Amino acid sequence: MTSAYSAISHTTAGIFFRTVQNTLAVLLASAMLISPFSYGQGSDSFPPVTDAMLQDPAPSDWLMWRRTLDSWGYSPLAEVNRDNVDQLRMVWTHGLGTGTGEITPLAYDGVLYVPQHNDVIEAIDARTGDQIWEYGRDHPEGLYDYVGVNARNNRNLAIFENLIINTSDDGFVFALDAQTGETVWETQVFDYKVNTGTHSAGPIIADGRVISGRSCRSKPTYPGGGPEACFVAAHDALTGVELWRRQLIPKPGEPGYETWGDVPYEQRQHVGSWMPASYDPELELIIIGTSVTSPAPKFFLGGVENDHLYHNSTLALELETGEIRWYYQHLNDHWDLDHPFERLLVDTAVAPDPDEVEWINPNLETGEVRKVITGIPGKTGIVYTLDRETGEFLWATPTTFQNVISNIDGATGEVVLNEEVIFRENEQIVMVCPHLLGGRDWEAGAYSPLTNNMYYGVRNNCADMMATADFETVRDNPLANEIIGGQQAIYSLAARARLTPGESNSGTVRAINAETGRTEWLYEQRAGTVSYVATGGRLVFGGDVNGRFRAFDDETGEILWEINLGAEVVGYPISYAVDGKQYVAVNTGRGLGGVGTPEIRPSGNANLFIFALP
């Protein structure tokens, strides 16, 4: 069993001294980089982006990863709608750097700011596709031997005042002048050779603070792994000065330290937070999720009875200090079923339908309007709805077949695992659903306030999985040779993927009502589905690993428009407007591939595609 929600307090010791130390160092460095004409203010031709704009963006803009701090992935633009979407046409396309995949352009003031593989950023005219400037970072030789290939991902950027802000593969947070691409400031967050906390997703801006998490590596695969590499940090958006740092593995003496049992502190590793956070300005709470430990099977890591906080949890962090106001642990993860994905912040009536929702808090006042966190936060494909102020469990329900959680106590939120699939010895093999690429993975869902529905691509897949600490001694076992991408050695796991028994389709799109938990419509297909955006035109746009990009009716799920883009549609789609004209943008590249569908062999060509009405 794993811990339910809990309100806690952490020590703030060291925050003041770290801030002073970093202030002195960063201001000295920044003084040589910052132009007095660009620092912290917009020029006459560049309206500065303020906190007020980030908290209530203009309909034409896409100013952060999911457009708004509540992570809805919703654009109110309605020029393109269900009556005319069949006329949508490609207006321009732009080639991206080799290897680019999971990215999100920002759209502001007629410009797209496009992150790419290997810390490349381009500014592109949003109407024509013409390049305005390009930034490329000069990486030290041998960098990726330390940080791993996933660090090359660059999922999103942030914008504040006249600055484009990002985190880098070599351990920095940095800001560029939005008009020129020139460096304004940069701050080293960690030495990648000492504390390998890689950045596979960029930051958000929360009340003038750059909030970024880490995908921390593990020892001995990466020498810079260990507990100090796993943290969320806040930096001043105008100067780069570090304001606080919240470790995701408790230090000795902190609450939660005892939940790792007798595992030595330096061997506690890999609890990362590798997707962007959400932010509630009213509560001044940063909502962020965390990932699995390394190794994943807990009998390798002090025992299956330990919770190993704060892995696979939702954390509510205080904006000012990074203190943990409350947490909820979704499961004690033995199978690399991470829970770091976006949390939707919604104010809604809470009235879960007992005919469709599996686990419900019996103390709910049905129909009461609550500030909630909802959505599918992890690879299990389970929707969780929690109270945003306290972390109280409200309801949860699966969206695809899963066999790792057998029960959730509705009154406490306590999760009970399926004993039959918990690893307890080396070379044990179990059938686990979903597969470690998840019922969902890094792909994002969307929420529409017009329907109160959330829209997710969820996959049907499972895996024959083996726990082993030494792959070299088990080569006679054919399963050990089927380690997808070589990554699972980090987790002491091997996996052979397959479709969920009884299923012939991998991909689904599901519309789930945030109030009732009911599935309002379900679309199924052979190819795996990816990320989505909802719009004021009553449309839901999204793609799949077979190159199809589609528009669904948000109420019925009917496909109203479709195009084959020729490669995996792995980007996070957005919609923006320039001079009153609405555009829809998405990119292709290399991403998931076809788990359980070997006949689907998509290209990995990376291109940005822009669509509009004639």
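Residues numbered from 1 in each chain as written. Predicted model: local features only at pLDDT ≥ 70, side-chain atom pairs only at ≥ 80, totals over all residues. Heavy atoms only, no water.

Asker: What is the right way to read the nonpolar core from this model?
Answerer: It is characteristic of soluble globular proteins that their nonpolar side chains tend to be buried jointly. Of all hydrophobic cores here, the largest spans 66 residues; its most connected members are Tyr113, Ile159 and Ile165. Apart from residues lying up to four places away in sequence, isoleucine 165 is in contact with Leu157, Ala158, Phe160, Val173, Phe174, Ala175, Trp185, Pro203, Ile205, Val210 and Ala237. Trp335, Ile382, Ala396 and Val415 belong to the second-largest nonpolar core, a separate cluster that totals 40 residues. (Core = buried A, V, L, I, M, F, W, Y, C linked by side-chain atoms within 4.5 Å. Buried < 20%, exposed > 50% of the residue type's maximum accessible area, 1.4 Å probe, protein only. Contact = heavy atoms within 4.5 Å.)

Asker: Looking at this model, I keep getting lost on the sheet that holds strand β41 (residues 581–587). Mind explaining?
Answerer: Note on sheets: strands pair through backbone hydrogen bonds, and any given pair is parallel or antiparallel. Across the sheet, four strands lie side by side as β3-β42-β41-β40; this open sheet has antiparallel pairing. Strands with a single pairing partner mark the edges of an open sheet, and in this sheet they are β3 (89–95) and β40 (574–578). This sheet shows a mean twist of 25° between the axes of neighbouring strands, independent of strand direction. As paired strands, β41 and strand β42 (residues 607–612) are joined by four bridges and run antiparallel to one another. Note that in β42 the partner of valine 586 across the bridge is phenylalanine 609. (Pairing = 2+ DSSP bridges. Helix = DSSP H or I, 4+ residues; strand = E, 2+ residues; numbered from the N terminus. Axes fitted to C-alpha atoms, helices over the stretch in contact; angles between N-to-C directions.)

Asker: In this structure, what is going on with the environment of isoleucine 563? I would like to understand it.
Answerer: The topology assignment puts isoleucine 563 in strand β39 (residues 559–564). Along the sequence, isoleucine 563 and phenylalanine 549 sit 14 residues apart, while their C-alpha atoms lie 5.4 Å from each other. Once residues lying within four places of it in the same chain are set aside, the contact partners of isoleucine 563 are Met90, Gly547, Arg548, Phe549 and Phe611.

Asker: What am I meant to see in the side chain of asparagine 361 here?
Answerer: Topologically, asparagine 361 is positioned in the loop between β23 (359–360) and β24 (368–374). Of note is the side chain of asparagine 361, whose polar atom sits 2.8 Å from the backbone oxygen of phenylalanine 393. Those residues in contact with asparagine 361 that sit more than four places away from it in its chain are Glu392, Phe393, Leu394, Gly410 and Ala411. (Polar contact = N/O pair within 3.5 Å; in protein donor to acceptor, adjacent residues only side chain to side chain.)

Asker: Would you explain the sheet that holds strand β34 (residues 507–513) in this entry?
Answerer: Strand order in the open sheet formed by four strands is β30-β31-β34-β35, and the pairing between neighbours is antiparallel. Of all the strands in the sheet, the pair left with one neighbour each is β30 (446–448) and β35 (519–525). Averaged over neighbouring strand pairs, the angle between their axes works out to 20° when direction is ignored. Alignment of strand β31 (residues 453–459) against β34, held across seven bridges, turns out to be antiparallel. Note that in β34 the partner of valine 458 across the bridge is threonine 508.

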